[in-house]
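Here are the chains, one letter per residue:
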Amino acid sequence: WMAAVMAPMDVVEATLKEIDGYVVAANINSYNQAVVGGASKAVEQAIAIFNQKGFQAQRLPVSQAFHTKIVASASKPLRKVLDRLTIAPPRIPLVANVTGEIYPTAVEGIKDLLEQQVASPVQWVKGLETLYAEGVRTFVEVGPKKALKGLVDDVLSSKPDVWSLFTNHPKN
């Protein structure tokens, strides 16, 4: 299972230590929002404890606990597929979710990170900080919602020169 949690990361980390069973921060989305994933009973317990502490936590309708060791068995099959593909070094810097840093230019290093990503937490906060350090100042979410815009606003709100925009919202 997986659950979205609206709580500061220090609260998320401390609360996860209270849980009996396997549950981890699978998506570190902002300073105040994360997705936890793990064994169903442990995630259920985590939701209850977060709610008892006054934080919003709700189960996500997903088929697996992605970005956790529960799906690690998919890493090697993914690598086999990646090894059959022609992957070129990036022409522009790209941020890897598994590290939150710029992908290496070596193709084998890119494949290594993609293989690890299956069972590793998404480092969205670090990725946004890396993009800012690399000079990115405009962030545009293209799609039917504006969740990512909100994460950008939370993580980079102290930066006076950041623009975050969204398009295609169903209410506009």
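Before reading on, note that the structure itself is shown above.
Residues numbered from 1 in each chain as written. Predicted model: local features only at pLDDT ≥ 70, side-chain atom pairs only at ≥ 80, totals over all residues. Heavy atoms only, no water.

Describing the overall build of the protein chain
Put simply, the rule reads: Secondary structure elements follow DSSP: runs of H or I of four or more residues count as helices, runs of E of two or more count as strands, with numbering from the N terminus. Atoms considered for the radius of gyration are the C-alpha atoms alone. The globule rule reads 2.2 Å times the number of residues to the power 0.38. By definition, residues are in contact when any of their heavy atoms lie within 4.5 Å. Surface accessibility in these figures is a Shrake-Rupley result with a 1.4 Å probe; residues are shielded only by whichever protein chains are displayed. A positive count includes Lys and Arg, and a negative count includes Asp and Glu. His and the chain ends are not counted in either. Lys charges are placed at NZ, Arg charges at CZ, Asp charges at CG and Glu charges at CD.
In terms of helices and strands, the protein chain carries six helices and six strands. Each helix (α) and strand (β) of the protein chain, taken in turn from the N terminus, gives the series β-α-β-β-α-β-α-α-α-β-α-β. In summary, the protein chain has a C-alpha radius of gyration of 17 Å against a globular reference of 16 Å for 172 residues, a match within 12%. In terms of overall dimensions, the protein chain has C-alpha extents of about 50 × 40 × 30 Å along its principal axes. Long-range contacts, defined here as pairs at least 24 residues apart, represent 67% of the contacts in the protein chain between residues at least 6 apart. If you sum the accessible surface of the protein chain, you get close to 9900 Å²; carbon and sulfur atoms cover 58% of it. Distance between charge centres in the protein chain, computed from 18 positive and 16 negative side chains, equals 6 Å.

With respect to the sheet that holds strand S3 (residues 33-38)
The condition is simple: Paired strands, as defined in this entry, are two strands with at least two bridges between them according to DSSP. Each axis is a line fitted through C-alpha atoms, and for a helix only the stretch in contact is used; angles between axes span 0 to 180 degrees, taken between their N-to-C directions.
A sheet is described by the order of its strands in space; here four strands give the open sequence S2-S3-S1-S4, paired in antiparallel fashion. Unpaired on one side and paired on the other, strand S2 (23-30) and strand S4 (56-59) mark the two borders of the sheet. When the angles between neighbouring strand axes are averaged without regard to direction, this sheet yields 20°. Bridge count for strand S1 (residues 2-6) against S3 is four bridges, and the pairing is antiparallel. Each bridged residue has a counterpart across the sheet, and for Ala4 the counterpart in S3 is Val35. Against the sheet, helix H1 (residues 9-16) makes contact with S1, S2 and S3, and its axis sits at roughly 175° relative to S2, the strand it touches most. Against the sheet, helix H2 (residues 40-52) makes contact with S1, S2, S3 and S4, and its axis sits at roughly 155° relative to S4, the strand it touches most.

Quick look at the packing of H1 against H2
Rules: Put simply, angles under 35 degrees are roughly parallel, angles over 145 are roughly antiparallel, angles from 65 to 115 are roughly perpendicular, and the rest are oblique. In a left-handed crossing the near helix is turned counterclockwise from the far helix by less than a right angle, and in a right-handed crossing that turn is clockwise. Asp, Glu, Lys and Arg are counted as charged, while Ala, Val, Leu, Ile, Met, Phe, Trp, Tyr, Cys and Pro are counted as nonpolar; the rest, among them Gly, fall into the polar class.
Contact pair H1 / H2: the axes reach a minimum separation of 10 Å and the direction vectors enclose 130°. When the axes of H1 and H2 are compared, the pair comes out oblique. In this structure, the crossing between H1 and H2 has a hand that is right-handed. Counted together, Val11, Val12, Thr15 and Leu16 of H1 and Ala46, Ile49 and Phe50 of H2 form the full contact between these two elements. A breakdown of the residues in the contact of H1 with H2 according to their chemical character gives six nonpolar, one polar and no charged.

Re the pattern of salt bridges
This is how the line gets drawn: For salt bridges, the criterion is a side-chain nitrogen of Lys or Arg within 4 Å of an Asp or Glu carboxyl oxygen. Relative accessibility under 20% of the residue-type maximum defines a buried residue, over 50% an exposed one, and the middle range a partly exposed one, all with a 1.4 Å probe and only protein chains included.
Within the structure shown, the criterion is met by 11 salt bridges. With a shortest N-O distance of 2.8 Å, Asp161 and Arg137 are connected by a salt bridge. Note that Asp161 is positioned in the loop between helix H6 (147-156) and strand S6 (163-167) and Arg137 in the loop between helix H5 (124-133) and strand S5 (138-142), a separation of 24 residues in sequence. A relative accessible area of 34% places Asp161 in the partly exposed class. By relative accessible area, which is 26% here, Arg137 ends up partly exposed. Across the pair Lys149 and Asp153 runs a salt bridge, and its minimum N-O distance is 2.7 Å. Taken together, the residues Lys149 and Asp153, both in helix H6 and four residues apart, mark about one turn of the helix.

Things to note about the packing of aromatic side chains
Operational definition: Two rings from Phe, Tyr or Trp (for Trp, the six-membered ring) form a pair when their centres sit within 6.5 Å of each other. Planes less than 30 degrees apart are called stacked, planes more than 60 degrees apart edge-to-face, and all others tilted. Geometrically, a charge over a ring is one whose NZ (Lys) or CZ (Arg) sits within 6 Å of the ring centre while staying within 35 degrees of the ring normal.
Counted according to the given criterion, the structure contains zero aromatic pairs. Against the face of Trp1 rests Arg59, its NZ or CZ located 3.6 Å from the ring centre. Above the plane of the ring of Tyr22 lies Lys69, whose end atom (NZ or CZ) is 4.4 Å from the centre.

With respect to the pairing of S5
For clarity, the threshold we go by: Handedness of a crossover is defined as follows: with both strands directed away from the viewer, a clockwise route from the first strand across the helix to the second makes it right-handed.
Along S5, the buried face is formed by Phe139 and Glu141; none of Thr138, Val140 and Val142, which line the opposite face, is buried. Bridge count for S5 against S6 is five bridges, and the pairing is parallel. Residue pairing across strands places Glu141 opposite Phe166, the latter belonging to S6. Between the parallel pair S5 and S6, the chain is carried across by H6, and the sense of this crossover is right-handed.

Shape descriptors only; they carry no functional weight alone.
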